[in-house]
Amino acid sequence: MAHFERKQHRISTRRLFTRPGGRVEIDLWGPMNQLIEPEEEVVVSSSDGATATVTKSTRPISNRRRGYELKALRTGTARIRARTHDGEGRWHEWDWFNFVIRDESSAGTFAPATDRAFIDRMARDGRDACKAAGLPLAAMVACACGETGFGTSSIYKLTGCPFNLQRPWDWKWPDADIFEIPTVNKEGERPKSAPFCVADSLAHAARLWCQWIEHWPNRKAKATLMSVASDARAFAANLFIVGFAAGKRENTEKFAKIIDDHNLLDL
C-alpha cells in the first residue's frame with residue numbers, strides 16, 4: 001500500500017516541519033492503485049490549501065516513487081493525504097502525515113524571562129528523564145544553557161529542543177519529528193537544510209537528549225563518556241565525544257564552566 005517518504009524514509013502519521021514560505025520535496029511510494037481495473041494513480045492533496053499546497057512533480061514515476069513539492073503558505077497544520085477509491089465511488093485514505101508550518105512566534109516554546117528561569121524550568125522538567133537514564137542532571141541543564149544561550153536561540157524557539165540535535169534521516173533515534181532548518185555546519189559553507197529534532201516540551205527534550213547519548217552509534221565513544229557519568233562536570237565537558245557543540249572539546253568545556261558559574265550541582 002502507498003506510503004509517504006522523505007529522503008526514502010517513511011514519514012507516515014508523523015509530523016514534518018518547516019517555516020512559512022518553505023518548500024519541501026516528498027515522495028509517495030507505491031503511487032498506483034492496482035486494486036482496481038484499470039489501475040489509477042493515488043491522489044495526493046492538502047487538507048487546507050490556504051496553509052499548504054501540494055504539486056505533483058513533472059518527473060516520471062521512478063523506483064515506485066512519485067515526487068511532490070509541498071509549499072508552506074502560512075503558519076498552521078495541513079494534513080497531507082494519499083487517497084484512492086475502490087472503483088465503486090467510495091474513497092479511502094491510504095496514508096497521511098501532518099505538515100506543520102511555524103515561526104518563532106507561533107511555536108509556543110517556553111520563553112524564559114531570565115537565565116535562572118530557564119535553568120530552573122529545564123531542571124524541573126528534565127529531572128525524571130535523567131534519573132531514568134542514569135545521566136547527570138547538571139550536565140543536561142548546562143548543555144541546554146550552552147547550546148541555546150539560556151533559551152534564547154532562534155533554533156530553540158522554532159524546535160522547542162534546546163540541544164540542537166540534528167538527527168540524520170537514516171537514524172532511528174532520537175525518536176523525534178523533524179524540522180528542516182537551513183544552517184551553517186562548517187565555517188565558509190553556504191547554509192544547508194539540516195534535520196533538527198522537535199520537542200513538544202522541555203521534558204520531551206530531555207528524553208531526546210538522553211536517547212541521543214544512549215543510542216550514539218560509536219559504542220567506544222559512548223563508553224568513554226559514560227565512564228564519567230558520576231561526575232557531572234566531567235560528563236558535561238566531554239559531551240563533544242558524542243557530537244554536541246559541533247564536536248569540539250573547547251565548546252563543551254564551557255558547559256562545565258556553566259555548572260560552576262550557576263551552581264548547577266545544587267539542582
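Before reading further, recall that the structure is shown in the block above.
What you see is a predicted model; the values in this text were computed from it and never measured.

Procedures and definitions
Residues numbered from 1 in each chain as written. Predicted model: local features only at pLDDT ≥ 70, side-chain atom pairs only at ≥ 80, totals over all residues. Heavy atoms only, no water. Pairing = 2+ DSSP bridges. Helix = DSSP H or I, 4+ residues; strand = E, 2+ residues; numbered from the N terminus. Axes fitted to C-alpha atoms, helices over the stretch in contact; angles between N-to-C directions. Phe/Tyr/Trp six-rings, centres within 6.5 Å; stacked < 30°, edge-to-face > 60°. Lys NZ or Arg CZ within 6 Å of the ring centre and 35° of its normal. Buried < 20%, exposed > 50% of the residue type's maximum accessible area, 1.4 Å probe, protein only. Lys, Arg positive; Asp, Glu negative; His and termini not counted. Salt bridge = Lys/Arg side-chain N within 4 Å of Asp/Glu carboxyl O. Polar contact = N/O pair within 3.5 Å; in protein donor to acceptor, adjacent residues only side chain to side chain. Contact = heavy atoms within 4.5 Å. Left-handed = near helix turned anticlockwise from the far one by under 90°. Nonpolar A, V, L, I, M, F, W, Y, C, P; charged D, E, K, R; others polar.

Peer 1: So what exactly am I meant to see when it comes to the sheet that holds strand β3 (residues 15-18) here?
Peer 2: Adjacent strands of a sheet form backbone hydrogen bonds with each other and so pair up, either parallel or antiparallel. Taking strand neighbours across the sheet as the criterion, the 6 strands line up as β7-β10-β11-β3-β12-β13 in an open arrangement whose pairing is mixed. Strands with a single pairing partner mark the edges of an open sheet, and in this sheet they are β7 (43-46) and β13 (192-197). Taking the axes of each pair of neighbouring strands and ignoring which way they run, one obtains an average angle of 30 degrees across the sheet. In the sheet, β3 pairs with strand β11 (residues 91-101) via 4 bridges, with the strands oriented parallel. Across the sheet, Leu16 pairs through a bridge with Phe99, a residue of β11.

Peer 1: In this structure, what is going on with the packing of aromatic side chains? I would like to understand it.
Peer 2: When we look at a pair of aromatic rings, we describe it by the centre distance and by the angle of the planes. Across all of its chains, the model carries 10 aromatic pairs by this definition. Judged by centre distance (5.1 Å) and plane angle (80 degrees), the ring pair of Phe4 and Phe97 falls under edge-to-face. Taken together, the residues Phe4 in strand β1 (residues 3-6) and Phe97 in strand β11 connect sequence positions 93 residues apart. Among the aromatic side chains, those forming a connected cluster through ring pairs are Phe163, Trp171, Trp209, Trp212, Trp216, Phe235 and Phe244. The ring of Trp96 is capped by Arg79, whose NZ or CZ atom sits 3.9 Å from the centre of that ring. Taking the ring centre of Trp91 as reference, the NZ or CZ of Arg83 above it sits at 5.7 Å.

Peer 1: I tried to follow the side chain of Arg102 on my own but got confused; where do I start?
Peer 2: By secondary structure assignment, the location of Arg102 is in the loop between β11 and α1 (115-133). Despite its burial, Arg102 pairs with no opposite charge; the closest candidate is Asp200, at 5.3 Å N-O. A distance of 2.6 Å separates a polar side-chain atom of Arg102 from the backbone oxygen of Leu158. Discounting residues that sit within four places of it in the chain, Arg102 has contacts with Phe17, Thr18, Arg19, Pro20, Thr75, Ala107, Leu158, Thr159, Phe179 and Val198.

Peer 1: Whenever I open this one, the packing of α1 against helix α4 (residues 202-214) confuses me. Can you help?
Peer 2: Relative placement of two packed helices is described by the angle separating their axes and the distance separating the axes. Where α1 contacts α4, the two axes come as close as 8 Å, and the packing angle between them is 40 degrees. When the axes of α1 and α4 are compared, the crossing they make is right-handed. For the pair α1 and α4, contact is made by Arg121, Met122, Asp125, Gly126, Ala129, Cys130 and Ala133 and by Leu202, Ala203, Ala206, Arg207, Trp209, Cys210 and Glu214, respectively. Here the contact of α1 with α4 is built from residues that sort into 9 nonpolar, 1 polar and 4 charged.

Peer 1: Is there a simple way to explain unusual backbone geometry in this structure?
Peer 2: Of the consecutive residues Trp173 and Pro174, the connecting peptide bond is found in the cis state with omega at -5 degrees. Of note in this structure, Ala246 is not a glycine but carries a positive phi near 60 degrees. Summarising the element assignment, Ala246 is placed in the loop between α6 (232-237) and α7 (249-261).

None of the figures reported here should be taken as evidence of function without further support.
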